[in-house]
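Each chain, written out:
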Amino acid sequence: MEINVTKEYDNTIKSGIIDEDIKSKVTDFNLENDQIDHLNLDIDIIKDPAKWPVINDKIKLLLVKNNPIQINLNYYPLDDSKSKFSNIHYFKTLPNGEKLKRTCLIYSESSDSVYCSCCKLFKKDTSSLSKQGTRDWKNISQILKQHDNSLNHKIAYKDWKTLHTRMKQGKTIDDENQVLIRKETKYWKDIIERIISVIQTLGTQNLALRGSSDKLYEFDNGNFLKFIELLGKFDCVTKEHITRITYQDMDTHYPLSR
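The structure displayed is predicted, hence computed values, not measured ones.

What is the right way to look at the pattern of salt bridges in this model?
Should the charged atoms of two oppositely charged side chains come close, the side chains can pair. Counted under the stated rule, the structure contains 7 salt bridges. One salt bridge connects Arg102 with Asp148, and the closest N-O pair in it is separated by 2.7 Å. Here the residue Arg102 occupies a position in the loop between β3 (99-101) and β4 (105-108), and Asp148 occupies one in helix α6 (residues 140-148), the gap between them amounting to 46 residues. Like Arg102, the residue Asp148 is buried in the burial classification. Because the salt bridges share partners, they merge into one network encompassing Glu184, Glu240 and Arg244.

Would you mind showing me how to read helix α10 (residues 236-246) here?
One full turn of an α-helix is made of 3.6 residues, so residues set three or four places apart face in the same direction. Here α10 has its buried residues at Val237, Thr238, His241, Ile242, Arg244 and Ile245. For α10, the arc enclosing every buried residue in end-on projection is 160 degrees, short of the 170-degree limit, so these residues lie on one face. Across from the buried face of α10, at angles greater than 90 degrees, the exposed residues are Cys236 and Lys239.

Sorry if this is basic, but what is going on with the environment of Ser213 here?
Tracing the backbone shows Ser213 in the loop between α8 (175-204) and α9 (222-234). Separated by 12 residues in sequence, Ser213 and Leu225 place their C-alpha atoms 9.5 Å apart. Discounting residues that sit within four places of it in the chain, Ser213 has contacts with Glu218, Phe219, Asp220, Asn221 and Leu225. Side-chain polar atoms of Ser213 contact the side chain of Glu218, separated by 2.6 Å.

I'm lost on the nonpolar core in this one. Help?
Across soluble globular proteins, nonpolar side chains show a tendency to be buried alongside one another. Grouped together as the largest cluster of nonpolar side chains are 32 residues, with contacts concentrated most on Tyr90, Val114 and Cys118. Considering each element in turn, this core owes the most residues, 5 residues, to helix α7 (residues 151-168). For Val114, the contacting residues outside a window of four places in its chain are Phe85, Leu105, Ile106, Tyr107, Leu129, Gly133, Thr134, Trp137 and Ile140. Counting 11 residues, the second-largest nonpolar core is a separate cluster that includes Ile195, Leu216, Phe224 and Ile228.

I tried to follow the packing of aromatic side chains on my own but got confused; where do I start?
The geometry of two aromatic rings is summed up by the distance between their centres and the angle between their planes. Evaluated as defined, the whole model comprises 7 aromatic pairs. Note on Tyr76 and Phe85: the rings are 5.1 Å apart at their centroids and 85 degrees apart in plane angle, and the pair reads as edge-to-face. By relative accessible area, Tyr76 is classed as buried at 7%. Residue classification places Phe85 among the buried residues on the basis of a relative accessible area of 0%.

Where do I start with helix α4 (residues 57-66) in this structure?
Among the residues of α4, Ile59, Lys60, Leu61, Leu62, Leu63 and Val64 are the ones counted as buried. After α4 finishes, the residue Asn67 shows a positive phi value of roughly 65 degrees.

About the thresholds
Residues numbered from 1 in each chain as written. Predicted model: local features only at pLDDT ≥ 70, side-chain atom pairs only at ≥ 80, totals over all residues. Heavy atoms only, no water. Salt bridge = Lys/Arg side-chain N within 4 Å of Asp/Glu carboxyl O. Helix = DSSP H or I, 4+ residues; strand = E, 2+ residues; numbered from the N terminus. Buried < 20%, exposed > 50% of the residue type's maximum accessible area, 1.4 Å probe, protein only. Arc of directions from axis to C-beta. Contact = heavy atoms within 4.5 Å. Polar contact = N/O pair within 3.5 Å; in protein donor to acceptor, adjacent residues only side chain to side chain. Core = buried A, V, L, I, M, F, W, Y, C linked by side-chain atoms within 4.5 Å. Phe/Tyr/Trp six-rings, centres within 6.5 Å; stacked < 30°, edge-to-face > 60°.

Printed below as a string of structure tokens:
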């Protein structure tokens, strides 16, 4: 029988099944999407919750980014009581007869058990679905029904959807602070490159770096500082650095001095 899926499970939030007053606490992970891309986790591990490593921030972000992978088999193994999992459990039936997909329910081939991925990732629930998985196929319908209606599951699902949305929008970290960090990192990289270039130039010409004074804009302060003063007239990066030094905008002035 073909199942007509009319809504995604996240519609339960919009329809009010999850109370808007529930305040989920989503961790502010200090990772960016490009950092997540460098994390290596085999696809066979990603799609099998029984093989997931210890859930830390990096693993959590990687798994949320890849979304739960539901395995649909034509035949599932029988247990000792001749019971087995069925693809029909990937859906729940609403009172009006509509079929709603359980997007967080995932089956593990290696352990022949099912897990709730959002509860396993966010550890909001203490049931077997969030820990070692369950393979009580005789009672699976009732187990899933109770789990769907549990408050902890609804909070975990909301946390998962919130984090997934934030990742898509590039907001897994404080964007404003991260921009400032990147800008400052680039600033110091540019300064160091210019200082090294000046030193290399003076060195190739066998010219002394220091003079009798170690202050900027003083007579006889040496070739190095004179080069820096010259760069400051035409180079905006060096000019900003000199301005910071002049107005004591940094604790350490080396290798330049006021």
